[in-house]
Amino acid sequence: MTTDYKATVFLPTTDFPMKAGLAEREPETLKQWDSMDIQNLHRAVAKGRDPFILHDGPPYANGHLHIGHALNKILKDVVVRTQQMMGKDANYVPGWDCHGLPIEWKIEEKYRQQKKDKDDVPVVEFRQECREFAEQWIAIQRDEFKRMGLIGDWDNPYTTMSFDAEAQIVREMGKFLMDGSLYRGAKPVMWSPVEKTALAEAEIEYHDHTSTTIFVRFPVVKASTPEIEAASIVIWTTTPWTMPGNRAVAFGPDIPYVVVEVVKAADESLANAGEKLIIAEARLEDFIRQCGIEEMTTSATFKGKELDGTVCRHPLNGQGYDFDVPALAADFATTEEGTGIVHIAPGHGADDWILGQANDIEIPQTVGEDGCFYDHVPMFAGKHVYKVNDEVADALQAADGLLARGKLSHRYPHSWRSKAPLIFRNTTQWFISMETTALRDKALKAIDETRFVPDTGKNRLKGMIKTRPDWCVSRQRAWGVPIAVFVNKESGEPLRDQGVMDRIIDAFETEGADAWFASDPSRFLGDGYNANDFEQVTDILDVWFDSGCTHTFVLEGRDDLQWPASLYLEGTDQHRGWFHSSLLESCGTRDRAPYDAVLTHGFVMAEDGQKMSKSLGNIVSPQDVIDQHGADILRLWVVGSDYSEDLRIGPEILKSQSDIYRRLRNTFRYLLGNLNGFTEDERLDVADMPELERWVLHRLWELDGKLRQACNDFHFHPIFAELHNFCTVDLSAFYFDIRKDALYCDHAGDRRRRAARTVLDAAFNCLTAWMAPFICFTAEEAWLARYEAKEGDSVHLRTFPEIPDAWRNDDLAAKWAKIRNLRRVVTGALELERKEKRIGSSLQAHPVIYADAKDIAIFDDLDPAELFITSGATFTAGQGPENSFSLDDVSDTWVVAEPAAGEKCERCWKVLPDIGSNADHPTVCGRCADAVVHGSAATPVA
Ligand SMILES: [Zn+2]
């Protein structure tokens, strides 16, 4: 009788397919998670543990998700899942930012298409349309986020437009009102004449813009020093339209200035022979060239501070601009461009305003909300500031005030929405003072007490807080939470009455912020006040104030969360956005930051490092990646990238992620296949295992420590690379390769095979858990491929396995590093033999290794042939013969690959001398004969 030895070999058996088919499989997994209510189970297993609260920065609900959203939310998911698996209770509640200009703009666009005027629509009706628009996008974005595998309370997210949120936002605003830090003031703000609103920093983009530049003389009427008598101070500006708003000029106190007398000017020059001009010495050369001055003499040189006390007249003096223009010292005057003397229009610049305030300079109201000069502005009334530059220059020239004009292309602020250039405009706005309640100091202290990852974020945020002006919180729009304040018409003071505030909050709780616009003011003012004495403010709050309050209505407002958050995690742009506004809101109301730690990530670029854009056609959408490759590939890209810098994505990068994924998947498949039928009884104690197995356990112990450290540091890509390396190099190319023979061919009860299966079981338990936060779908698939029997089971309900310290073995690790090094020489020699077709497989070889006696001693208790996957191996002390194989980087080791002596076992393919030692099985080796008789795949263990 002939035995079918193939049937007696333990070939790997698993239903876990090699081909992933993620795009089809993942939606099925999502359905399973939904039907088992994974979120609730996730909470239930973590009940009573220490909380880890990652507070979600709300994305804006107005379009499909882009790759930046995917990066942000997947990174958050990885943090949440790793924290939960390290033994925390990590509840994640996603949220949405709903109020604000972009949605309002969409509804207005719709009106424009329908030839409807927004001002004809009742405000409450308009707000309802905005609300519905946001709701529709929240539903779409929620599905898109869930498809990425993000765990969280998707059934109960937070939104900034829910009634309780709107009530809480106005309650928070009320705190700033009551403590006196909310005030109404006049201030230049970045203003969009197109949208007719003030814009926040985050709503501003910088684009190239060509401006008209002018050099203008301001004749000195009161000289601080005799040297400048009858001279003119020269300024340069890129915004001629701000000249009607000019009220001062500013010099740098330490900058050297000169008085020059024009001797000769070119024919077309506007400079006059004999006139005296004052300008920074460093700018003189450029200036005389631009003004066409051909000859001149310098009559004086002095430091800027000498100009203190000088008064000029406006160049349009006599035409309605009949006021003094003082020369003031200012640190922001530099010699980088212009003349070293800055023209000051306190209504049209932040520096200008501050300087004006400090010197009691009037802040003139010159430009209306539509960007046109008010009727009271001499010479230019009704003119739009965008179109008036040439006219201003002409008027200056006619009044002999102009020295030169030109063009300059430079970066200029534009509205992110309309793309129209912005202006600084003096307006009536609401502010939260940085000083009234020492908000700036509190915020700086809070930053010191916060952990930043990476730590450069700390100084970045600090720098912004140190120098920022008061927080302008008002917007002249309709879709948002109103600045629910009454202003006393007589005193101009806001009404600070907690009773009134409470009535407003109560109304918002049940009716939302619409109540402010739909109710009679007396409802809120109550019996104590006459509504006619008050003006009801209809500005809305900056949306950054809304999102700055999320920590209150989400973290404090929900029973399943707590304040403060463990972590805020957003893109680096949020230093001036959400991190910033949340910090100010929280420090103003709660004296500390709403977070213990802040983590930032970079932005996503195209593969070639370019910015993604429609015109370049290099946009990668998360939906496309998921449809084509699966969400786990997108997730791998996130954890495999260094998010502290800008990331890149494109077809080549996705292909390499797919390769990495395939190797991880194959590792799972190998483990599953060789664990087929493994039971608890088969387990062996560490002490009873061969060294090779104990070495693998040591590696697991090592990786466990590194992984936990990496998760606490939120530093994923190096540990992911290490795990990937462990799977491909340590396991697949080394351990699996060596143990294939034992797993396939040993007797079922053999100690070696049992040890190997015990280790595979441990590796499976570790790797499914460790990979679960990263490739959440595939880890689940692998886990269930083994444990499907357990109802409601999920890899995501586990924690990272506790690794016994007994697995640690540093001596063994050092020893095996040497073994693997020497083994590389043997493998190299065998590869060469194969390439030369002298052997088919390594099992046909019997290498002779020449090395130092002490290196040979390492193998004393080991079976070197097993480790080399050969049929035998011999060591010889000393140097190898000529032509023996060696590697440059492994010293004193030589290998000669001899053919193995004996016959080939029909079952295990080793070439051995004991073939036929069992007469019943004449074509197999002794080990195989024993297995076939007592415990093979075909004959279960006897
Ligand atoms: Zn055999």
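Everything numeric in this text was worked out from a predicted model, so none of it was measured. (Residues numbered from 1 in each chain as written. Predicted model: local features only at pLDDT ≥ 70, side-chain atom pairs only at ≥ 80, totals over all residues. Heavy atoms only, no water.)

(A) Structural detail: the coordination of the zinc ion. In this structure, Cys 905 (SG), Cys 908 (SG), Cys 925 (SG) and Cys 928 (SG) serve as the protein donors to the zinc ion, at separations of 2.2 to 2.4 Å. Note that the zinc ion binds four donor atoms; their angles at the metal cover 102 to 117 degrees, and the shape is tetrahedral. Cys 928 gets classed as buried once you look at its relative accessible area, which sits at 0%. (Donors = N, O, S within 2.8 Å, 3.2 Å for Na, K, Ca; no water. Tetrahedral: all angles 85-135°; square planar, octahedral: opposite > 155°, others 65-115°. Buried < 20%, exposed > 50% of the residue type's maximum accessible area, 1.4 Å probe, protein only.)

(B) Just the sheet that holds strand 18 (residues 471–472), in detail. An order of 5-4-16-18 is seen for the four strands of this open sheet, with the pairing classed as antiparallel. At either end of the open sheet lies a strand with only one pairing partner, and these are strand 5 (197–198) and strand 18. Summarising the sheet, strand 16 (residues 423–432) and strand 18 pair through two bridges and their orientation is antiparallel. Along strand 18, the bridge assignment pairs Ile 432 with Trp 471. (Pairing = 2+ DSSP bridges. Helix = DSSP H or I, 4+ residues; strand = E, 2+ residues; numbered from the N terminus.)

(C) Examining the packing of aromatic side chains more closely. What the rule picks out here adds up to 30 aromatic pairs. Summarising the aromatic geometry, the rings of Tyr 568 and Trp 578 are spaced 4.1 Å apart at their centres and angled 15 degrees between planes, so their arrangement reads as stacked. Taken together, the residues Tyr 568 in strand 23 (residues 565–571) and Trp 578 in helix 17 (residues 578–590) connect sequence positions 10 residues apart. Considered together, Tyr 568 and Trp 578 belong to a single accessibility category, that of buried residues. With a centroid separation of 5.9 Å and 55 degrees between ring planes, the pair formed by Phe 859 and Phe 868 is classed as tilted. (Phe/Tyr/Trp six-rings, centres within 6.5 Å; stacked < 30°, edge-to-face > 60°.)

(D) Molecular detail of helix 23 (residues 751–771). Its 21 residues place the ends of helix 23 30 Å apart at the C-alpha level, agreeing with the 30 Å of an ideal helix rising 1.5 Å per residue. Across the 21 residues of helix 23, 19 count as buried, placing the element largely inside the fold. Sitting at the amino-terminal end of helix 23 is Asp 750, which places a side-chain oxygen 2.8 Å from the backbone nitrogen of Arg 752. (Expected span 1.5 Å × (residues − 1). Polar contact = N/O pair within 3.5 Å; in protein donor to acceptor, adjacent residues only side chain to side chain.)

(E) Representation of the environment of Asn 359. Note on placement: Asn 359 falls in the loop between helix 8 (350–358) and helix 9 (389–398). A C-alpha to C-alpha distance of 94 Å links Asn 359 and Ser 871, two positions 512 residues apart in sequence. A distance of 2.8 Å separates a polar side-chain atom of Asn 359 from the backbone oxygen of Leu 355.

(F) Molecular detail of the pattern of salt bridges. Throughout the structure, instances matching the rule amount to 69 salt bridges. Note that Lys 462 and Asp 448 form a salt bridge whose closest N and O atoms lie 2.8 Å from each other. In this pair, Lys 462 is assigned in helix 11 (residues 456–467) and Asp 448 in helix 10 (residues 439–448), connecting sequence segments 14 residues apart. Between Glu 693 and Arg 739 there is a salt bridge; the shortest N-O distance is 2.7 Å. Taken together, the positions of Glu 693 in helix 21 (residues 691–713) and Arg 739 in helix 22 (residues 716–745) put the pair 46 residues apart, joining distant regions of the chain. Neither Glu 693 nor Arg 739 differs from the other in exposure class; each is buried. Ionic contacts of the salt-bridge type, sharing partners, join the residues Glu 693, Arg 739, Asp 741, Asp 746, Arg 752, Glu 866, Lys 910 and Arg 927 into one network. (Salt bridge = Lys/Arg side-chain N within 4 Å of Asp/Glu carboxyl O.)

(G) Just the state of the cysteines, in detail. In this structure the tally under the stated criterion is zero disulfides. No disulfide involves Cys 711; its sulfur sits 13 Å from the nearest other cysteine sulfur, which is in Cys 766. Judged by its relative accessible area of 1%, Cys 711 falls in the buried class. Cys 766 supplies the cysteine sulfur nearest to Cys 727, a cysteine that is in no disulfide, at a spacing of 11 Å. (Disulfide = S-S within 2.5 Å.)

(H) Spatial organisation of the packing of helix 20 (residues 651–674) against helix 22. One way to put it is that helix 20 packs onto helix 22 with a least axis distance of 10 Å and a crossing angle of 35 degrees. Of the two possible hands of crossing, helix 20 and helix 22 adopt the one that is left-handed. Side by side, helix 20 and helix 22 meet where Ile 660, Arg 663, Leu 664, Thr 667, Tyr 670, Leu 671 and Asn 674 of the first sit next to Phe 720, His 724, Cys 727, Thr 728, Leu 731, Ser 732, Phe 736, Lys 740, Leu 743 and Tyr 744 of the second. Considering only residue class, the contact of helix 20 with helix 22 consists of 10 nonpolar, five polar and two charged. (Axes fitted to C-alpha atoms, helices over the stretch in contact; angles between N-to-C directions. Left-handed = near helix turned anticlockwise from the far one by under 90°. Contact = heavy atoms within 4.5 Å. Nonpolar A, V, L, I, M, F, W, Y, C, P; charged D, E, K, R; others polar.)

(I) Seen up close, the pairing of strand 24 (residues 595–601). With six of seven residues buried, strand 24 lies mostly within the body of the structure. By the bridge criterion, three bridges tie strand 17 (residues 451–453) to strand 24 in an arrangement that is parallel. From the neighbouring strand, Val 453 faces strand 24, where its bridge partner is Leu 599. Judged from the six bridges that link them, strand 23 and strand 24 form a sheet pairing that is parallel. Within the sheet, the bridge partner assigned to Leu 569 lies in strand 24 and is Leu 599. Read from strand 23 through helix 17 to strand 24, the crossover connection turns out right-handed. (Right-handed = clockwise from strand over helix to strand, strands pointing away.)

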